Amino acid sequence: MVKKCPECNHYISDTVLVCPHCGYAINSEESPSSIQKDECNPENVGHKELVNQEIEAPNTFNYEIDEPQQAKKKYIPIILGCILVIGIVFGIIGFSSEDDKEPPAVVADSIVAVVDSVIEEPIIETSFSTIPVSYGKETNDINTEVSIDFPQTNNEILQESVVSFIVKALTDDFTWGENTRPTYDGDLSDGRAIAEFFVNDKVREIADERARDSIDSFAWEESISIKKVCETEKLISYQVNLGGSHGGVGGGILYGATFSKADGHIVRVIDNPTDSRFKDCLIRFVNRCLDNDSKEMLSVDELQDHPYPKKDPFITEKGVRFIYQKYEIGTGALGDVDIVIPYSDIAEYMSEDALTLIGYDRSSF
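Worth saying up front: this structure is predicted, and the values here are computed from it rather than measured. (Residues numbered from 1 in each chain as written. Predicted model: local features only at pLDDT ≥ 70, side-chain atom pairs only at ≥ 80, totals over all residues. Heavy atoms only, no water.)

What follows concerns the overall build of the chain. A tally of regular secondary structure across the chain gives 10 helices and 10 strands. When each of the 365 residues of the chain is scored for burial, the buried share is 31%. Considering only residue pairs separated by 6 or more positions, the chain has 51% of its internal contacts joining residues 24 or more positions apart. A total accessible area of about 23,100 Å² is found for the chain, and carbon and sulfur atoms account for 54% of it. (Helix = DSSP H or I, 4+ residues; strand = E, 2+ residues; numbered from the N terminus. Buried < 20%, exposed > 50% of the residue type's maximum accessible area, 1.4 Å probe, protein only. Contact = heavy atoms within 4.5 Å. Areas by Shrake-Rupley, 256 points an atom, 1.4 Å probe, with all protein chains shown as cover.)

Encoded structure:
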């Protein structure tokens, strides 16, 4: 049985699925030829690509999102590995620190031995010497002079201490009456400059005083010496001796000080000057050293009330030297009372610093 093709109107068998003349699908189902025809059609090709893009787009989108996540997942094992390595390293360090908290006794003993050796063996040994410095001026009515054993030492503290003592003696004692010296602010390392400064000022002082009091007769004389009188491996003692006469009236002063070579400080020789036993010892030696004529000029009451001299004692080779100034415990005719008490008699009243410097063992008496 035949029928017409709906597409080309040719007569075809009703059993065929596709028109043999135009390729039309008789039963509205595409035949292979029609599919091929559609695929070859340019319009259909564009449509097919568009459909494929729409189908593939979601896959492309999902891939772009997932790629960073997958990359992060790749780094996770690496990060975990680094954390594990760091943990192991800190664990080793912590274990070592625990071991270090209890060092062997040998190490500690070694450190103590090194420290002790440093303390007992100083790197630089103190050296000490003096340069004699003398400067003076003499005219028809004025004669004055300063003599100094100027220190030279590699110990800066000791050098400064002795020079300060010298300058203070010249400032406080190298004067007359209530007059005061001006402050020296020159070079403290130049002994001659120090001596010259105080001599020139002394000449000015005497000239002003003579002119003020209209004094034309009697030459005024004044001199001071500051000398080293004792030195051992551990100490140095200086003595200050001032003497002079102004218009026929004489005066002077005599005292000293002891310096420790180790730290440069002035040594306190007597531990407790107010100790009653020490006072009795001092009075006993003063009376022992004076002859009968001198004892008549001694003020017993003054000595009893003030047995300790105004100027501190200092150390000498034979003992501790005590000096009472003129008029201090007697009349002017008595002059200075200068006594030295042997260490064997005074050691029990001396300070520990002084005993250490002279090497005297307190337990031996």
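Here we come to the sheet that holds strand β7 (residues 249-260). Strand order in the open sheet formed by five strands is β3-β4-β5-β6-β7, with mixed pairing between adjacent strands. Whereas interior strands pair on both sides, the edge strands pair on one side only; in this sheet they are β3 (128-138) and β7. Each strand axis lies, on average, 15° off the axis of its neighbour in the sheet, ignoring direction. Alignment of strand β5 (residues 220-231) against strand β6 (residues 235-246), held across 10 bridges, turns out to be antiparallel. Paired with E222 across the strands is G244, a residue of β6. Where helix α4 (residues 156-172) meets the sheet, its contacts fall on β3, β4 (142-153), β5, β6 and β7, and the angle it forms with β4 comes to roughly 170°. (Pairing = 2+ DSSP bridges. Axes fitted to C-alpha atoms, helices over the stretch in contact; angles between N-to-C directions.)

Attention shifts here to the environment of N143. In this structure, N143 sits in strand β4. Between the C-alpha atom of N143 and that of E222, which follows or precedes it by 79 residues, the distance is 6.5 Å. Not counting the four nearest positions on each side in its chain, N143 is found in contact with K137, E138, W220, E221 and E222.

Estimates place the volume of the second largest pocket at around 350 Å³. Around the second largest pocket sit 20 residues that line it, and F165, Y255, G256, A257 and D312 are the ones nearest its centre. (1 Å grid on protein atoms, 1.4 Å probe; cavity = no way out; pocket = protein on both sides within 12 Å on 5 of 7 lines; lining within 4 Å. Points joined across faces, edges and corners; volume = space filled by probe spheres on them.)

The subject of this paragraph is the nonpolar core. Formed by 31 residues in total, the largest nonpolar core has its most connected members in V286, F322, V337, I346 and M350. Put simply, the parts of the chain that give this core at least two residues each are α6 (276-289), β9 (319-324), β10 (337-342), α9 (343-346) and α10 (352-358). For this core, the element with the highest residue contribution is α6, accounting for six residues. Not counting the four nearest positions on each side in its chain, V286 is found in contact with L303, Y324, I329, V337 and I339. (Core = buried A, V, L, I, M, F, W, Y, C linked by side-chain atoms within 4.5 Å.)

Structurally, T180 can be placed in the loop between α4 and α5 (191-212). Look at T180 and you get exposed, because its relative accessible area is 63%. Taking the C-alpha atoms as reference points, T180 and E205, 25 residues apart in sequence, are found 9.4 Å from one another.

Glancing now at unusual backbone geometry. Phi angles above zero are rare outside glycine, and Y327 is one such case at about 75°. The residue Y327 is located in the loop between β9 and β10 in this model.

Here we come to α5. Across its 22 residues, α5 extends 32 Å between first and last C-alpha, which sits within 8% of the 32 Å expected from 1.5 Å per residue. Listing the buried residues of α5 in full gives G191, I194, A195, F198, V199, D201, K202, E205, I206, E209 and R210. Each element contacted by the buried residues of α5 is listed here: β3, β4, α4 and β5. For α5, the N-terminal cap is D190; the gap from its side-chain oxygen to the backbone nitrogen of R192 is 3.2 Å. Following α5 by one or two positions, S214 adopts a phi angle in the positive range, close to 55°. (Expected span 1.5 Å × (residues − 1). Polar contact = N/O pair within 3.5 Å; in protein donor to acceptor, adjacent residues only side chain to side chain.)

Okay, the side chain of S237 next. By secondary structure assignment, the location of S237 is in strand β6. In terms of polar contacts, S237 uses its side chain to reach the backbone carbonyl oxygen of I315, at 2.6 Å. Setting aside residues no more than four positions away along its own chain, S237 makes contact with K227, K228, V229, C230, A257, T258, F314 and I315.

Turning our attention to the packing of aromatic side chains. According to the stated counting rule, one finds nine aromatic pairs in the structure shown. Taking the centre distance of 5.6 Å and the plane angle of 80° together, the rings of F165 and F259 count as edge-to-face. With F165 in helix α4 and F259 in strand β7, this residue pair connects regions lying 94 residues apart in the sequence. Each of the two residues, F165 as well as F259, counts as buried. Each ring, one from Y184 and one from F197, has its centre 5.1 Å from the other, and the planes form 65°; the classification is edge-to-face. Linking Y184 in the loop between α4 and α5 with F197 in helix α5, this pair joins segments that are 13 residues apart in sequence. What makes Y184 buried here is its relative accessible area of 12%. Look at F197 and you get partly exposed, because its relative accessible area is 26%. (Phe/Tyr/Trp six-rings, centres within 6.5 Å; stacked < 30°, edge-to-face > 60°.)

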